[in-house]
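Close look at the chain arrangement
Single-letter residue listing:
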Amino acid sequence: MPKDATAPPRRPLRADARRNVEKIVAAAGSLIAEHGAEASLEEVARRAEVGSATLHRHFPSRQSLLEAVFKDRVAALCAKAEDLLAEPDPGQALSTWLHAVGAHAVTNRGLGASLVQDGDPALGESCHDMITNAGEALLARARTANAVRAGISIAQLLTLVGAIALATEHMTEGPAEADLLLAIAIDGVRTR
């Protein structure tokens, strides 16, 4: 029997509890960007200005907190792609989004690897599918406008962005270096 069938339905969080969850996820996201996926949970609670018990009540394990941060970041990335579909220049919209994907990847600092190693594989697959679908919509618009070279797939672009992020993840100026390398790569994607 699936575990969801035996679990009692969850009541919606009170407004103060919802704010605490949002503060915890935001603080964890900042610390992961600074220190990686092994960021201190005590520091997360301190930055979120909540007690350790409050953090653990909402996120009983490090894994559940990491998953919440990752889901939040993926949702923001997909929302940005949706917003960029209204951008008048499809090539620029794709470029802007790929830079956002690069920033997302650089700030994850080991988060994805930690989730793959210890987490639910379905989470990684569903988040990957969400990002791929969001990017495919932008790439399709750019193709229609003849703003990208023929034969380029969203999988190739995401692999390129991921490789750049991985190569610069531990550099002092990693985000800036990743952004520069991505700009160089994107220039090669454009039609001539």
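Not measured: the values here are computed from a predicted model.

1. What about the packing of helix 9 (residues 154-168) against helix 10 (residues 174-189)?
Running from amino to carboxyl end, helix 9 crosses helix 10 at an angle of 150°, the nearest separation of the two axes being 9 Å. With respect to helix 10, the element helix 9 is oriented roughly antiparallel. Remark: the crossing between helix 9 and helix 10 carries right-handed chirality. Counting all contacts with helix 9, which are made through Leu 157, Leu 160, Val 161, Ile 164 and Thr 168, the residues of helix 10 involved are Gly 174, Glu 177, Ala 178, Leu 181, Leu 182, Ala 185 and Val 189. Of the residues belonging to the contact of helix 9 with helix 10, the class tally is nine nonpolar, two polar and one charged.

2. With respect to a nonpolar patch on the surface
A contiguous nonpolar patch, built from Leu 180, Leu 181 and Ile 184 and spanning about 260 Å² of accessible area, is present on the exposed surface. Judged by its relative accessible area of 54%, Ile 184 is exposed.

3. Remarks on the nonpolar core
Leu 94, Trp 97, Leu 98, Ile 131, Leu 138 and Leu 157 are the most contacted members of the largest nonpolar core, which totals 34 residues. With residues near it in sequence (within four places) discarded, Trp 97 still touches Leu 77, Lys 80, Ala 81, Leu 84, Ile 131, Ala 134, Gly 135, Leu 138, Ile 154 and Leu 158. Counting 18 residues, the second-largest nonpolar core is a separate cluster that includes Ile 24, Ala 27, Ile 32 and Leu 65.

4. Considering the side chain of His 104
Within the secondary structure layout, His 104 lies in helix 6 (residues 90-108). The class of His 104 is buried, set by a relative accessible area of 11%.

5. Let's talk about the confidence of the model for the protein chain
Detailed reading of predicted coordinates is not advised where the pLDDT is low. For the protein chain, mean pLDDT is 85; residues scoring 70 or higher make up 86% of the total. The spread of mean pLDDT over the elements of the protein chain runs between helix 1 (residues 3-6), the lowest at 48, and helix 3 (residues 41-48), the highest at 94. Below pLDDT 50 for its whole length, residues 1-5 participates in one contact with residues either more than four positions away or in separate chains.

Cut-offs applied
- Residues numbered from 1 in each chain as written.
- Predicted model: local features only at pLDDT ≥ 70, side-chain atom pairs only at ≥ 80, totals over all residues.
- Heavy atoms only, no water.
- Axes fitted to C-alpha atoms, helices over the stretch in contact; angles between N-to-C directions.
- Helix = DSSP H or I, 4+ residues; strand = E, 2+ residues; numbered from the N terminus.
- Parallel < 35°, antiparallel > 145°, perpendicular 65-115°, else oblique.
- Left-handed = near helix turned anticlockwise from the far one by under 90°.
- Contact = heavy atoms within 4.5 Å.
- Nonpolar A, V, L, I, M, F, W, Y, C, P; charged D, E, K, R; others polar.
- Patch = residues over 30% accessible without salt bridge, like charges linked within 9 Å, V, L, I, M, F, W, Y side chains within 5 Å.
- Areas by Shrake-Rupley, 256 points an atom, 1.4 Å probe, with all protein chains shown as cover.
- Salt bridge = Lys/Arg side-chain N within 4 Å of Asp/Glu carboxyl O.
- Buried < 20%, exposed > 50% of the residue type's maximum accessible area, 1.4 Å probe, protein only.
- Core = buried A, V, L, I, M, F, W, Y, C linked by side-chain atoms within 4.5 Å.
- pLDDT = per-residue confidence, 0-100.

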